[in-house]
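Chains, contacts and geometry: an overview
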Amino acid sequence: MKRHAALQQLSREHHIALKLARQARFASDSGNPTAIGEAAEKINTLFAEALEPHFQIEEADLLPALAKAGGAILVKRTLDEHAELRALNQQLSAADGSKLSRFATLLNDHVRFEERELFELAQDLLYPEH
């Protein structure tokens, strides 16, 4: 999908998130406590380095503008999912396979939602010239 320049970097960063979700899914599906623990550790690191800064940019710049332009329902969903992902990330230190599985599913679905719905609406409402 062609993205407006204001959304291109955020869209590129979604690739990192999808890759992380896939790795989490493989580890949780394996049922191997070592693999689950290693995936949880990697997620904790990458969450702080990549996902949290990404969320903060969306929450500071994109989401307030989109809410004002009429996208409040999608903004609320985005914020709710960010909050759940943050909470799950904090709980992953226990290397719980079911929490890792939920994190993998939510992160994958969240990225797909942002690409297919949130960013599409943002382009229509905030950047109609795209």
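Look above for the structure.
Let me begin by describing the structure that accompanies this report.

Calculation notes
- For every chain, the first residue of the written sequence is number 1, and numbering continues from 1 along that sequence.
- Reporting in this predicted model follows two pLDDT cut-offs: at least 70 for local features of residues, and 80 or more for side-chain atom pairs to be given and counted; totals over whole chains, interfaces and linings ignore these cut-offs and use all residues.
- Each side-chain value is worked out from all heavy atoms of the structure, with water and hydrogens disregarded.
- A helix here means a DSSP run of H or I that spans at least four residues, while a strand means a run of E at least two residues long, and both kinds are numbered starting from the N terminus.
- In this scheme, a residue with accessible area under 20% of its type's maximum is buried, one over 50% is exposed, and one in between is partly exposed, where area comes from a 1.4 Å probe on protein chains only.
- All accessibility values rest on the Shrake-Rupley procedure with a 1.4 Å probe; residue burial counts only the protein chains present in the view.
- Under this rule, positive means Lys or Arg and negative means Asp or Glu; His and the chain ends count for nothing.
- Every charge is mapped onto a representative atom, which is NZ of Lys, CZ of Arg, CG of Asp or CD of Glu.
- Definition of nonpolar core: a set of buried residues of the types Ala, Val, Leu, Ile, Met, Phe, Trp, Tyr and Cys, connected through side-chain atoms within 4.5 Å.
- Contacts between residues were defined by any pair of non-hydrogen atoms, one from each residue, lying within 4.5 Å.

A word on the overall build of the protein chain
Along the protein chain, the regular secondary structure elements total four helices and zero strands. Taken from the N to the C terminus, the helices and strands of the protein chain come in the order α-α-α-α. If you line up the protein chain on its principal axes, its C-alpha atoms span 50 × 25 × 20 Å. Here the protein chain holds 130 residues, and 38% of them are scored as buried. As displayed, the protein chain offers around 6900 Å² of accessible surface, 54% of which is attributable to carbon and sulfur atoms. With 15 positive and 20 negative side-chain charges, the protein chain shows a separation of 3 Å between the mean positions of the two kinds.

Quick notes on the nonpolar core
Ranked by internal contacts, the top residues of the largest apolar core, which has 21 residues, are Ile43, Leu51, Leu85, Leu100, Phe103 and Leu107. Those elements that provide at least two residues to this core are helix 1 (5–30), helix 2 (33–68), helix 3 (72–91) and helix 4 (97–126). Per-element accounting of this core gives the leading share, seven residues, to helix 2. Not counting residues up to four positions away in its chain, the partners in contact with Phe103 are Ile43, Phe47, Leu51, Leu85, Leu88, Asn89 and Leu92. If you look at the next biggest cluster of nonpolar residues, it comprises twelve residues, including Leu10, Leu62, Phe119 and Ala122.

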